[in-house]
Amino acid sequence: MRTKTLRIPTPDGHADAFAAVPDHGERHPGVLMYPDAFGIRPALEEMARELAGHGYYVLVPNFYYRHGPAPVIDLPERIDAGNRDAVFGRLMPLLTEQITTERVLRDADAYLTFLAAQPEVVAGPVAVTGYCIGTLLALRTAAAHPDKVAAVAGFHPGFVVTDAPDSPHRLVPRLAAEVHLGLAEGDMTPEIISELFQALDAAGAGDTCEIYPGTVHGFTMSDTDAFSASGLERHWDRLLALLNRTLPGG
C-alpha cells in the first residue's frame, strides 16, 4: 500500500489531500472520500488505506484547505463527550463558511478533475463517499456530475434533508449514481427519514438506505466514543458491495 500527500489545484488555491493507492502497478477505479467534520486525521487515513486495499485509488481532500493544511485545528487523539463540544466550537465557523453550495461545487469539480488525471486511476466513472457532513458533499458532487459518478455512499449523514431549496435530498432526481445511505439510530426523525426515502423512491434512483442497528451518530469513526465495530463492519459490507456493482475492475 502506498500513500501520498497531494495538492489539488482549485479556483481558490490548492487543497491538500491524502491518497491511498494499491501496491500493484495497474490502474484502479477512483473513489473520492469526503471526511466528517473533524477532517483528515489518522482514523480517516486508515479508512482510506483499508479501502485502497480492496483495489481502489482513494482520494481524501481537506475541505478546510482555505484555512490551512489538515488538521486545521489541534485534534485530541480521542474525541469524546469531554472534548467534543470544544472541538466543534472551533470547527463549526470554518465548516459553515466552507459548505456553501458554490464552494462545494467548485471544489467538487476540481477534485474529480484531479482524480481522473492520476496515472493510477482507470478511465471511467468514479464513486464518491462521505461521512457525516461529507455525505452532503458527496450528494452535491454526484448530482452535479452525473456523467462522472456511478456510486455515492454516505454514512451517519448530516444536513441532507433541510428546508433549503437546494437541500441535498432535492437533488436526487439529478443523480445517475446508485446510492447507499447508512444511518445511525437517531440520526434523523422518522418524518425526515420518510421524506428522504420518498425522494429517492420518487426519483427512481437505485438505492439501499437503512438504519444500522445499535449505532449512534459517528459510528464509523474509530477515534470517537461513537465508534461501533459492528457498524463499521456493516459499512464496509455495504460500501464494497456498492463499489463492486458500479465500478469497473475494483
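See the structure above.
About the criteria used
- Residues numbered from 1 in each chain as written.
- Predicted model: local features only at pLDDT ≥ 70, side-chain atom pairs only at ≥ 80, totals over all residues.
- Heavy atoms only, no water.
- Axes fitted to C-alpha atoms, helices over the stretch in contact; angles between N-to-C directions.
- Helix = DSSP H or I, 4+ residues; strand = E, 2+ residues; numbered from the N terminus.
- Parallel < 35°, antiparallel > 145°, perpendicular 65-115°, else oblique.
- Left-handed = near helix turned anticlockwise from the far one by under 90°.
- Contact = heavy atoms within 4.5 Å.
- Nonpolar A, V, L, I, M, F, W, Y, C, P; charged D, E, K, R; others polar.
- Pairing = 2+ DSSP bridges.
- Buried < 20%, exposed > 50% of the residue type's maximum accessible area, 1.4 Å probe, protein only.
- Lys, Arg positive; Asp, Glu negative; His and termini not counted.
- Salt bridge = Lys/Arg side-chain N within 4 Å of Asp/Glu carboxyl O.
- Polar contact = N/O pair within 3.5 Å; in protein donor to acceptor, adjacent residues only side chain to side chain.
- Phe/Tyr/Trp six-rings, centres within 6.5 Å; stacked < 30°, edge-to-face > 60°.
- Core = buried A, V, L, I, M, F, W, Y, C linked by side-chain atoms within 4.5 Å.

Visitor: What exactly am I supposed to notice about the packing of helix α1 (residues 42-52) against helix α6 (residues 229-246) here?
Guide: How two helices sit against one another is set out by the angle between their axes and by the gap between those axes. Two elements in contact, α1 and α6, have axes separated by 12 Å at closest approach and are oriented at 45°. With respect to α6, the axis of α1 lies oblique. Here the hand of the crossing between α1 and α6 comes out right-handed. Facing α1, whose interface residues are Met47, Glu50 and Leu51, α6 presents Leu232, His235, Trp236, Leu239, Leu240 and Leu243. For the contact of α1 with α6, the per-class residue count stands at seven nonpolar, one polar and one charged.

Visitor: Help me understand the sheet that holds strand β4 (residues 57-61), please; the structure alone is not making it clear to me.
Guide: Pairing between the strands of a sheet comes from backbone hydrogen bonds, and it takes one of two forms, parallel or antiparallel. If you trace the eight strands from one edge of the open sheet to the other, you get β1-β2-β4-β3-β5-β6-β7-β8, paired in mixed fashion. Edge positions in the sheet fall to β1 (2-10) and β8 (207-212), since each has one partner strand and no second. Looking at each pair of strands side by side, their axes are set apart by 20° on average, direction ignored. Two strands pair when backbone bridges link them, and strand β5 (residues 126-131) and strand β6 (residues 149-155) are joined in this way by six bridges, in the parallel orientation. The residue bridging Val128 from the neighbouring strand is Val152, located in β6. Sheet strands in contact with helix α3 (residues 101-117) are β1, β2 (13-21), β3 (30-34), β4, β5 and β6, and its direction is about 130° off that of β1. Contacting β3, β5, β6 and β7 (178-184), helix α4 (residues 133-144) runs over the sheet at an angle of about 155° to β5.

Visitor: Can you walk me through the side chain of Asp187 in this structure?
Guide: Along the polypeptide, Asp187 turns up in the loop between β7 and α5 (190-203). Here Asp187 occupies a buried position and makes no salt bridge, while the nearest side chain of opposite charge, Arg84, is found at 10 Å. A polar contact is formed between the side chain of Asp187 and the backbone nitrogen of Ala184, at a distance of 2.8 Å. Among the polar contacts made by the side chain of Asp187, one reaches the side chain of His217 at a distance of 2.7 Å.

Visitor: What should I look at first to understand the environment of Cys209 in this one?
Guide: By secondary structure assignment, the location of Cys209 is in strand β8. Each C-alpha atom of the pair Cys209 and Ile193 lies 9.6 Å from the other, and the pair is 16 residues apart in sequence. With near-sequence residues (within four places) excluded, Cys209 lies in contact with Leu181, Phe197 and Leu200.

Visitor: Hey, could you run me through the side chain of Thr215 in this one?
Guide: Within the secondary structure, Thr215 is located in the loop between β8 and α6. Under the relative-accessibility criterion, Thr215 is labelled buried at 2%. At a separation of 2.6 Å, a polar atom in the side chain of Thr215 contacts the main-chain carbonyl oxygen of Tyr212. Other than its neighbours up to four places away in sequence, Thr215 contacts Leu183, Ala184, Glu185, Ser228 and Gly231.

Visitor: I'm lost on the packing of aromatic side chains in this one. Help?
Guide: The description of two aromatic rings rests on the distance between their centres and on the angle between their planes. Under the counting rule described, the total for this entry stands at six aromatic pairs. Ring geometry for Tyr131 against Phe155: centres 5.6 Å apart, planes inclined by 25°, an arrangement best described as stacked. Of the two residues, Tyr131 sits in strand β5 while Phe155 sits in strand β6, which places them 24 residues apart along the sequence. Of the two residues examined, Tyr131 and Phe155, each falls in the buried class. Ring plane angle 40° and centroid distance 5.2 Å describe the contact between Tyr212 and Phe219, whose orientation is recorded as tilted. For Phe219, a relative accessible area of 0% puts it in the buried group. An aromatic cluster is present here, built from Tyr131, Phe155, Tyr212 and Phe219 joined pairwise through their rings.

Visitor: Is there a simple way to explain the nonpolar core in this structure?
Guide: Looking at soluble globular proteins, one finds that nonpolar side chains tend to be buried together. Membership of the largest hydrophobic core comes to 54 residues, with the highest contact counts inside it found for Leu32, Tyr34, Tyr57, Leu59, Phe63 and Tyr111. Looking at this core element by element, the count peaks at seven residues for α4. Excluding anything up to four places from it in sequence, Phe63 contacts Tyr34, Pro35, Asp36, Ala37, Leu95, Gln98, Tyr111, Ile133 and Leu137. Residues Tyr56, Ala150, Ala151 and Met221 belong to the second largest nonpolar core, which totals 29 residues.

The values reported here are purely geometric and, on their own, carry no functional implication.
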